[in-house]
Every structure is written in structure tokens, then in C-alpha cells.
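Structural features, examined
Below, each chain spelled out in residue letters.
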Amino acid sequence: MATESQDNTTRRTAAIIGAGLAGTSAALGLLDAGFDVTLYSDKDRAALRDKVPPTGVGVLFGKSREFDAEIIEDLYEVSNTTGISVRLHAGSGDERTDVLTFNPDYGYVAQAVDLRLRADDRLGRFLERGGRFEVGVIDVERADEIAADADLTLVATGKGGLSSLFPVDESRTHYREPQRRLLQVTLTGLGHGPDAFAYRSAEGGNHSLFNLDSENGEIFVGPFLHKDAGATWSFIVFAKPDGAWAPRIDDATDAISARQVIVDIFAEFFPDDAPTIRSLQVIESDPVSWLKGAVTPTVRQAVATTAGGNVLAAIGDTAIAVDPVAGQGAQGTLIQVAELVKAAAAHDGEFTAEWLSAEFEKHWERRGQAAVEVTRLYLGDPDYATHLELSFPAAAVSPPIGSALFGLLSDPNPLLTLKTREDVLGFITAVSGEPAEDVIGRFEPAGRFESIAVSA
Ligand SMILES: Cc1cc2nc3c(=O)[nH]c(=O)nc-3n(C[C@H](O)[C@H](O)[C@H](O)COP(=O)(O)OP(=O)(O)OC[C@H]3O[C@@H](n4cnc5c(N)ncnc54)[C@H](O)[C@@H]3O)c2cc1C
């Protein structure tokens, strides 16, 4: 219900449950938009920042940063990257070969900041500006009471938490089980300067690395701003469930063993990178700077009505959870929040289930669906076999195609227009400026990757 402030103007009330990236962003955004906001969290501020791992790496690839700037100013100068060094290997044992490599500039700036730092900076501003923060686990009954009292109630409890209040939308959910096993860890010992991985890219620490292995999965290595240690490198292993890497993830039980799993995978599968990886160390002051698990990509019906007849709307991972291989989760969250805050501020009437559902549909059109589809593309879903078969070789010989492929991480919407083989060929022709057949015809498998130093 609305509250009256000291100057006798009424303020609409908002309640947000969960203080990760989604909850803290929504809390700050709605407060700044004039709402009287209470943020409910199962952990206090210190625990959120220092006692739990970050939910993910949270690279913001370009466009989502424009939406986030509507919520909070850009506070971070470290970990901004402009491109990515990609290498694809195929086969196993003696048959294993280096297939292709490319090193596109994104055409935008990506930023990888510790999500605990992002959330804490938002929470700090929220508290300074008069937001209320209540600590305690919120169960279904309490959520009902909270929603009865607030004009607008958002649930931002991540993939678990209260997400089961929102039924899975079967028509938008493509998988019943995780497509990758995940291992994330942050390591220190290498700056972000021109020397970093210089044998892979003349851009050094301005480019991330993405190693793909057709049998076993993918590994992302990127410059990262750790909340305490500053310039560091984040690693994500995306292990195919039936590949050789997946069982190794079981061996990770702390940051040190997580590092060792990664060192061992590089030694065996990516020996060119192995010496640099081996030189990196865990962050001793942050023993929880690692994570393992898996995500079942799930889209939920984002509006629910409680037993008491009160309306709740899901944001962030509670609404749409994607495998992180295409880096869409945090980005989609920020876009959803920025647009919802604007819409709520502009809306005069009640926040009914109909209104909230219509806003979620707009989010689905604007970003949600494309985020789900670009994730399926990068997971190598059979529906995208043609796209991958054509676009990766084209990217290896045409830098604009490489940029366009990774441009999809910033804005995945163009993918929705590429339905057939002809569409993909037309896209390659349009982006490269030459007939797609000529581009793809130039591609020859690498056989063995050369380092920049050797080829120069
Ligand atoms: C390995 C990995 C890498 C990733 N990399 C990227 C990337 O590069 N780019 C990108 O865009 N996204 C990435 N993501 C996704 C991104 O991390 C998430 O989408 C994002 O952090 C979700 O934020 P959230 O606030 O919705 O959920 P969460 O961060 O899970 O926050 C939920 C909060 O609610 C709290 N909570 C839960 N239950 C309750 C309760 N009952 N009462 C009160 N509080 C509760 C939790 O403790 C937590 O603080 C990655 C994810 C993973 C796993």
C-alpha cells in the first residue's frame, strides 16, 4: 500500500525479495524512481559480499551496459575488454586436431566485474538513499504477507529460492536437464596488460580467450575485476555431460582443487596455454571465489498469485535461467530490470497480474527469447547445426563474421531472423561483403595453431 512521506506526498511501495544482482538493481532503480522500497535478503550485507561465491562471472557484453547505466553509473575501469581469441579443436586421442582460430574485435566493450561488488555497490547506494533492508529467509507465507502490504512485489531469489512459485513455461523451455557441468574460479598472478596471452592476441589483456573442444566442452578465460584482489582472471569450464572434463569437476572441492582441475585440463587439452595457466594462483583472501554446478535452462511464467490472492512478479534468474555459455543471464536481468523500473514509474494504475504479465511479454520480445536462442546456438544445439557449420569457418577467414558472431552476445536479436541455411548464407554475404560460398571456400582447417610470436 502507498505510504505518506513527510511532505504529505504519497509514495507507492515496492518489496523485493532477494539481494543478488537482480534484487539490488531493482531496489535501487525503484527507489530512485520514487518508490518506497524494502529489500528482503536471506543474508546480511557483509555475507552477501564476502561469504558467498559470485553467482556467475557476469560479463556484460556491450548493449546490456547501456540499460544498466539507467540504474547506476559505471564505476569500474578494470576488466573492460574489446574482443576474444577463439580456438576450436576437434576429435580425441591421436585424431585430435586444431581446427580453426579467430580473434575478433567485438565492436563494443565488455565488462567483467565481480557480481558481489556490483550488488554491494547497488546496495550501498540504496541504503544511503533511504532504502530499507531486512535480513531473513522469506518463505511462501511471508512472501504472501509482503505482497499484501506492497503495491509492487518482485521475486529475485535466483534459480532456487522462491522460483517454484512460478510454473515452468513448457513452451519456452527447451531442456529438461543441464547441458553443461560448470566450474568457475578466479585466479590471480597475471595483469591485464599487453603481455597477457600475447602469443594468442596482439591485444593482450584486452581480449578474452574462448577454447572450444568438440568432444568435451568449452573454456572461457577473461580479465576480471575481483571485489578485493582487483585485476584477475576468471575461468569457466563448460563441460559436456558425457565428455572427459565432466567427471573431473567432481574433484573440485575448494578454490585450490578447482584451480588444479583447470591446470590439468589445460595441460592435457590446451598445451599452448598451459604454462601461463599454471603460473596463476588462487586468491587466498577469498576462499569462496569458486563455484561448481549446472543450470537447467528454464523459462518460467513470470507472474504468480499467492494463496492470499496477492501478485508476485519474477525477475532475473527466477524468471529466465540460461546456461552461461553465451553470457546472457546477468545481461538479461539488467535489461529486464531497467525496463521494468521505467514502466513502473510511468504506470499510474495498480500493478495487476495482467500488467506485470504484459511487461514480461515485452521483455521476452525485447531480449528473453533471443537470449534463450543464442544460448542454444553456443551450446551447439542440433537446431543450430547449420548455423555453426557455416559461421565458424566463415569467422576464421572473415573478421567481420567473427565480430558478428560475438556481436550476438551483446545483441542476440539478429539470430532470430536466421532460420534457414539460406538465411545464414545471406547473413554471411551481407556481413562479409562477398559471396558466402567464396568466404567458406577459403577456409582450410588449421592443423596446428601458430603463435603470434612464431608467425611474426
Ligand atoms: C558459471 C556462471 C557464469 C556466468 N557468467 C555470466 C556472464 O558472463 N554474463 C552474464 O550475463 N551472466 C552470467 N551468468 C549468469 C548470472 O550470474 C546470473 O544470471 C545472475 O547473477 C542472476 O542474478 P539474480 O539476482 O537473478 O540471482 P542470484 O545471484 O542467485 O541472487 C539471488 C539472491 O536471493 C537470495 N535468496 C534466495 N532465496 C531467498 C529467500 N527465500 N529469501 C531471501 N533471499 C533469498 C540468495 O541468497 C541470493 O542472494 C553466469 C552464471 C554462472 C553460473
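What you are looking at is a predicted structure, and each value in this text was computed from that prediction instead of being measured. (Residues numbered from 1 in each chain as written. Predicted model: local features only at pLDDT ≥ 70, side-chain atom pairs only at ≥ 80, totals over all residues. Heavy atoms only, no water.)

**Some remarks on the nonpolar core**
Ranked by internal contacts, the top residues of the largest apolar core, which has 47 residues, are Val 86, Phe 102, Phe 210, Tyr 378, Phe 406 and Ile 428. Look past the residues within four positions of Ile 428 in its chain and what remains in contact with it is Leu 390, Ser 391, Ala 394, Ile 401, Gly 433, Glu 434, Ala 436, Val 439 and Ile 440. Ranked by size, the runner-up nonpolar core spans 35 residues in total, among them Ala 19, Phe 35, Val 303 and Ala 343. (Core = buried A, V, L, I, M, F, W, Y, C linked by side-chain atoms within 4.5 Å. Buried < 20%, exposed > 50% of the residue type's maximum accessible area, 1.4 Å probe, protein only. Contact = heavy atoms within 4.5 Å.)

**With respect to the layout of surface pockets**
For the second largest pocket, the calculated volume is near 300 Å³. Residue lining of the second largest pocket: 17 residues in total, with Leu 88, Leu 212, Lys 240, Gly 380 and Leu 388 positioned closest to the centre. Sorting the residues of the lining of the second largest pocket by element identifies strand 6 (80-90), strand 12 (207-213), strand 13 (217-226), helix 10 (353-378) and helix 11 (385-397) as the ones contributing at least two each. There are two domains that each give the lining of the second largest pocket at least three residues, and those are domain 2 (77-110 + 179-293) and domain 3 (382-441). (1 Å grid on protein atoms, 1.4 Å probe; cavity = no way out; pocket = protein on both sides within 12 Å on 5 of 7 lines; lining within 4 Å. Points joined across faces, edges and corners; volume = space filled by probe spheres on them. Helix = DSSP H or I, 4+ residues; strand = E, 2+ residues; numbered from the N terminus. Domains from an automatic or database assignment.)

**A few points about the domain arrangement of the protein**
Domains assigned within the protein are domain 1 (3-55 + 114-175 + 297-376), domain 2 (77-110 + 179-293) and domain 3 (382-441). Computed over C-alpha atoms, the centres of domain 1 and domain 2 are 31 Å apart. On the side of domain 2, 17 residues touch domain 1, which itself brings 14 residues to the contact. Carbon and sulfur atoms make up 61% of the area that domain 1 and domain 2 hide from each other, which totals about 1,300 Å². Taken together, the links from domain 1 to domain 2 amount to three salt bridges. (Buried area = accessible area lost by both parts, 1.4 Å probe. Salt bridge = Lys/Arg side-chain N within 4 Å of Asp/Glu carboxyl O.)

**Overview of the sheet that holds strand 18 (residues 303-305)**
Spatially, 9-4-3-10-19-18 is the arrangement adopted by the six strands of the open sheet, whose pairing is mixed. Two strands in the sheet have a free side with no partner beyond their single neighbour: strand 9 (132-135) and strand 18. Going from strand to strand, the sheet's axes swing by 25 degrees on average, the running direction of each strand aside. Note: strand 3 (residues 13-17) against strand 10 (residues 152-155), four bridges, orientation parallel. Directly across from Ala 14, in strand 10, lies its bridge partner Leu 152. In the packing of helix 5 (residues 140-149) onto the sheet, contacts are made with strand 3, strand 4 (36-41), strand 9, strand 10 and strand 19 (311-314), and the angle to strand 3 comes to roughly 160 degrees. (Pairing = 2+ DSSP bridges. Axes fitted to C-alpha atoms, helices over the stretch in contact; angles between N-to-C directions.)

**Section: the site of the ligand**
Around the ligand there are 31 residues in total, and Asp 42, Lys 43, Thr 55, Asp 317 and Ala 330 lie nearest to it. Contact between the ligand and Asp 42: an oxygen atom at 2.8 Å from a side-chain N or O atom of the residue. The contact in question runs from an oxygen atom of the ligand to an N or O atom on the side chain of Asp 317, over 2.7 Å. In isolation the ligand offers 1,000 Å² of accessible surface; the protein chains occlude 91% of this area. Only helix 1 (21-32) and helix 9 (329-346) provide two or more residues apiece to the shell around the ligand. For the shell around the ligand, the element with the highest residue contribution is helix 9, accounting for three residues. (Near = heavy atom within 4 Å. Polar contact = N/O pair within 3.5 Å; in protein donor to acceptor, adjacent residues only side chain to side chain. Areas by Shrake-Rupley, 256 points an atom, 1.4 Å probe, with all protein chains shown as cover.)

**Some thoughts on the side chain of Thr 38**
Within the secondary structure, Thr 38 sits in strand 4. On the basis of relative accessible area, Thr 38 is assigned to the buried category, the value being 8%. Within the structure, the side chain of Thr 38 is placed 3.2 Å from the side chain of Arg 132, a separation counted as a polar contact. Non-local contacts of Thr 38, meaning those with residues more than four positions away in its chain, are made with Ala 14, Ala 15, Ile 16, Arg 132 and Glu 134.

**Some thoughts on the pairing of strand 19**
In terms of strand pairing, strand 10 meets strand 19 through two bridges, oriented parallel. For Leu 154, the partnering residue across the bridge sits in strand 19 and is Ala 313. Where strand 18 and strand 19 come together, three bridges link them in antiparallel fashion. Residue Val 303 lies in a different strand from strand 19, and its bridge partner there is Ala 313. Hairpin connection of strand 18 to strand 19: five residues between the antiparallel strands, including Gly 309 at a positive phi of 85 degrees.

**Some thoughts on unusual backbone geometry**
Only a minority of non-glycine residues have a phi that is not negative, and only a minority of peptide bonds are not trans. Of note, the phi angle at Ser 79 is positive, near 80 degrees, even though the residue is not glycine. With respect to the secondary-structure elements, Ser 79 resides in the loop between helix 3 (63-68) and strand 6.

**Quick look at helix 4 (residues 115-128)**
Between its first and last C-alpha, helix 4 extends 20 Å over 14 residues, near the 20 Å set by a 1.5 Å rise per residue. Of all 14 residues in helix 4, twelve are buried; the element is thus mostly enclosed. Every buried residue of helix 4 is listed here: Leu 115, Arg 116, Leu 117, Arg 118, Ala 119, Asp 120, Asp 121, Arg 122, Leu 123, Gly 124, Arg 125 and Phe 126. (Expected span 1.5 Å × (residues − 1).)

**Examining the packing of helix 11 against helix 12 (residues 399-410)**
Viewed as axis vectors pointing N to C, helix 11 and helix 12 meet at an angle of 130 degrees, and their least axial separation amounts to 5 Å. The angle between helix 11 and helix 12 places the two elements in the oblique class. The interaxial crossing formed by helix 11 with helix 12 has left-handed handedness. Mapping the contact onto sequence places Ser 391, Phe 392, Ala 394, Ala 395 and Val 397 in helix 11 and Pro 399, Ile 401, Gly 402 and Leu 405 in helix 12. Looking at side-chain class alone, the contact of helix 11 with helix 12 contains seven nonpolar, two polar and no charged residues. (Parallel < 35°, antiparallel > 145°, perpendicular 65-115°, else oblique. Left-handed = near helix turned anticlockwise from the far one by under 90°. Nonpolar A, V, L, I, M, F, W, Y, C, P; charged D, E, K, R; others polar.)

**Quick look at the packing of aromatic side chains**
Centre distance and the angle of the planes are the two values used to describe a pair of aromatic rings. Going through the model one piece at a time under the given rule, you end up with 15 aromatic pairs. Ring geometry for Tyr 106 and Tyr 108: centres 4.6 Å apart, planes at 5 degrees, overall stacked. Residue class for Tyr 106 comes out buried when judged on its relative accessible area of 4%. The interplanar angle of 70 degrees and the centroid separation of 5.2 Å between the aromatic rings of Phe 351 and Trp 355 together place this pair among those described as edge-to-face. (Phe/Tyr/Trp six-rings, centres within 6.5 Å; stacked < 30°, edge-to-face > 60°.)

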